[in-house]
Amino acid sequence: TGGVITLDPGYKNTGSCESAITFLDGEKGILRYRGYSIEELAEKADFLEVAYLLIFGELPTKDQNDKFHDDIKAQSLVDDDIRKIVDAFPKSAHPMGIISSLTSALTAFNPGSVNVDSEEDMYKSVVKIMGKLPVLVAWTLRKKQGLPLDYGDKNLGYVENVLKMMFKSPNEEYKQNQILVDALDKLLILHADHEQNCSTSTVRIVGSAHAGLFASLSAGISALWGPLHGGANQAVLEMLEAIKEDGGDTKKYMAKAKDKNDPFRLMGFGHRVYKNFDPRARIIKKAADEVLGDLGIEDPILDIAKGLEKEALEDQYFVDRKLYPNVDFYSGIIYRAMGIPTDMFTVMFALGRLPGWIAQWREMRLRKEPIGRPRQLYIGETERSFIPIYNR
Ligand code: SDX
């Protein structure tokens, strides 16, 4: 009605938040975790170091890092009742649905109602979920492939063991591929946090009701599943496959992406914040080239992706709307080179985002933020009287 909207003075703004965890500048394409650039962390740190940094605020000392690693490994056994829940899922169940349910099931065993003011209590919950989620991820894949559920090898590093648990064949000696280990470590680092994105905001708002950590994470996993968010990495590969099946005609798909009457979007392009190249996409594109080159894999999907990127960067529609490749555009090509099926790509995103969600949940609780309740602007009917049904 054009009236002036004033928020009542007692209103606690829960629509936005202050955070000291991740800084990003969408115009300049800058991303930093606790002040460290993503480029440096992706090159020089490993995933557990970055997880520790995000959650506790500082890079760990050698002793802290070793203890973090050991404590996580000690938590990597999963209750046999959870294994029974994994067995109960039909093979057709989507991996994100399995992971979300299993994370929620962990809450049944441990409400995750963490006493955030107790460093020890918080640390125990962190290592518990950091230890168990990789097992649940690996078991989800093996379940869908009809393979026995396996714990891998506790003497391996965190990321190495994720790959071993996922791919160890019951019949032959498992050979570790360091190129893939390094690539997965980098991918998990690049996905570890991203400020107040949809799934992280979900974790924060669910946690603001003082729901347990694991329940809040389960909600975040469900939000990430959406194809406009983390589900985009799966949608990108499905799109690239469709273009390949259709003869590789990228121009046809560019035209579809610009046609207002066509619901088709160029998945892996565009971002709510980045109006420049997503710095993670730059690193992942380079890593995809390196991994496929080192492994001697000729993947026509990568060529189609590069062709689409080139066309989009030169197309006025995309230039005007500042649409650039985002984190999801190239990541699936590396997952594919690892032998990870497309419907597991978003699960890998969740595995990477886990420390960021934990860090943001902990920050929100330590700051004793009020229960989340974003404002609305009411645009519905003004008051009216009830009409009995026989008069309607
Ligand atoms: C992630 O927030 C985060 O940080 C998320 C994330 C993280 O790390 O947590 O970075 C991870 O979710 C990355 C984004 C993955 N999603 C996709 O790749 C799906 C495809 N992208 C789009 O759906 C879209 O770009 C969004 C959802 C990512 C962003 O949407 P916005 O900011 O709401 O932009 P919009 O929908 O308002 O679009 C603005 C214009 C529109 O055209 P006009 O109406 O102005 O004419 O750009 C167009 C859109 O039609 N547009 C696209 C497009 N994305 C936007 N046109 C074609 N293809 C696209 N991909």
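Residues numbered from 1 in each chain as written. Predicted model: local features only at pLDDT ≥ 70, side-chain atom pairs only at ≥ 80, totals over all residues. Heavy atoms only, no water.

### A few points about the nonpolar core
This is how the line gets drawn: In this description, a nonpolar core means a group of buried Ala, Val, Leu, Ile, Met, Phe, Trp, Tyr and Cys residues linked to one another through side-chain atoms lying within 4.5 Å. Note on classification: 1.4 Å probe, protein chains only; a residue is buried when its accessible area is under 20% of the maximum for its type, exposed when over 50%, partly exposed between these limits. A run of H or I in DSSP becomes a helix once it reaches four residues, and a run of E becomes a strand once it reaches two; helices and strands are each numbered from the N terminus. We call two residues contacting when some pair of their heavy atoms lies within 4.5 Å.
Ranked by size, the top nonpolar core spans 119 residues in total, and within it Tyr33, Phe68, Met130, Leu266, Ile333, Met338 and Ile358 carry the most contacts. At 13 residues, helix H6 (residues 119–144) tops the list of elements feeding residues into this core. Not counting chain neighbours up to four residues away, the residues in contact with Met338 comprise Leu163, Phe167, Leu180, Ala183, Leu184 and Leu187.

### A closer look at the confidence of the model for the protein
Which entries qualify depends on this criterion: Along the chain, pLDDT gives the predictor's confidence residue by residue, from 0 to 100.
On average, residues of the protein score 92 in pLDDT, and 95% of them are at 70 or above. Interface scoring of the predicted complex returns ipTM 0.97; its pTM is 0.94.

### Topic: the sheet that holds strand S3 (residues 36–37)
This is how it is decided: Here a strand pair is declared whenever DSSP counts at least two bridges between the two strands.
Read from one edge of the open sheet, 3 strands run S1-S2-S3, paired in antiparallel fashion. Here the strands that pair on one side only, and so sit at the sheet edges, are strand S1 (22–25) and S3. Across 2 bridges, strand S2 (residues 30–33) lies against S3 in antiparallel orientation. Directly across from Tyr33, in S3, lies its bridge partner Tyr36.

### Side note on the pattern of salt bridges
Selection rule: Any Lys or Arg side-chain nitrogen located within 4 Å of an Asp or Glu carboxyl oxygen qualifies as a salt bridge.
Counted under the stated rule, the structure contains 29 salt bridges. Residue Glu241 is joined to Arg336 by a salt bridge in which the shortest nitrogen-to-oxygen separation is 2.6 Å. One end of the pair, Glu241, is in helix H11 (residues 232–245); the other, Arg336, is in helix H16 (residues 327–337), with 95 residues separating them in the sequence. Here the salt bridges do not stand alone but share partners, grouping Glu18, Arg204, Glu363, Arg367 and Glu369 into one network.

### A word on the packing of H6 against helix H7 (residues 158–167)
Packed helices, taken two at a time, are described by their axes: the angle between them and the distance between them. Rule in force here: Whenever a helix is involved, its axis is fitted only over the stretch in contact; in every case the axis is a line through C-alpha atoms, and angles between N-to-C directions fall within 0 to 180 degrees. Working definition: roughly parallel below 35 degrees, roughly antiparallel above 145 degrees, roughly perpendicular at 65 to 115 degrees, and oblique for all remaining angles. Crossings are assigned a handedness: left-handed for a near helix turned anticlockwise from the far helix by less than a right angle, right-handed for a clockwise turn.
Put simply, H6 and H7 touch, their axes get as near as 8 Å, and they point 25 degrees apart. The pairing of H6 with H7 is recorded here as roughly parallel in orientation. Every pair of crossing elements has a handedness; the one defined by H6 and H7 is right-handed. Between H6 and H7, the residues in contact are Met130, Pro134, Val135, Ala138, Leu141 and Arg142 and Tyr158, Val162, Lys164, Met165, Met166 and Phe167, respectively.

### Some remarks on the site of the ligand
Rules: If a single non-hydrogen atom of a residue is within 4 Å of a molecule or strand, that residue counts as near it. Polar contact criterion, stated in full: a pair of N or O atoms within 3.5 Å, where within protein one must be able to donate a hydrogen and the other to accept it, and residues adjacent in sequence count only if both atoms are side-chain atoms. Here the open area of atoms and residues is found with the Shrake-Rupley method and a 1.4 Å probe, where only the protein chains shown may cover a residue.
Among the 24 residues in the neighbourhood of the ligand, the closest are listed as His194, His271, Arg272, Arg280 and Arg353. Arg265 has a polar side-chain atom sitting 2.8 Å from an oxygen atom of the ligand. Between Phe269 and the ligand, the recorded distance is 2.8 Å, taken from a backbone N or O atom to a nitrogen atom. Protein burial of the ligand: of its 1100 Å² of free accessible surface, 78% is covered by the chains.

### Some words on the UniProt feature "active site" (unreviewed entry) in the protein
We count it as follows: UniProt positions are given in the numbering used here, feature names are shortened, and annotations may be inferred rather than shown by experiment.
As annotated by UniProt and renumbered to match this structure, "active site" (unreviewed entry) occupies His271 and Asp328. Despite a sequence span of 58 residues, these residues sit close together in the fold, their greatest C-alpha distance being 10.4 Å. You can see His271 is positioned in the loop between helix H12 (250–258) and helix H13 (279–295). In this structure His271 comes out as partly exposed when scored by relative accessible area, which is 22%. Filtering out sequence-adjacent residues up to four positions away, His271 remains in contact with His194, Asp278, Arg280 and Asn326. One polar contact links the side chain of His271 to the main-chain amide nitrogen of Val273, over a distance of 2.9 Å. Tracing the backbone through its elements, the reader meets Asp328 in helix H16. Apart from the residues lying within four places of it in its own chain, the contact partners of Asp328 are His229, Gly230, Ala232, Asn233, Val236, Gly268 and Phe349.

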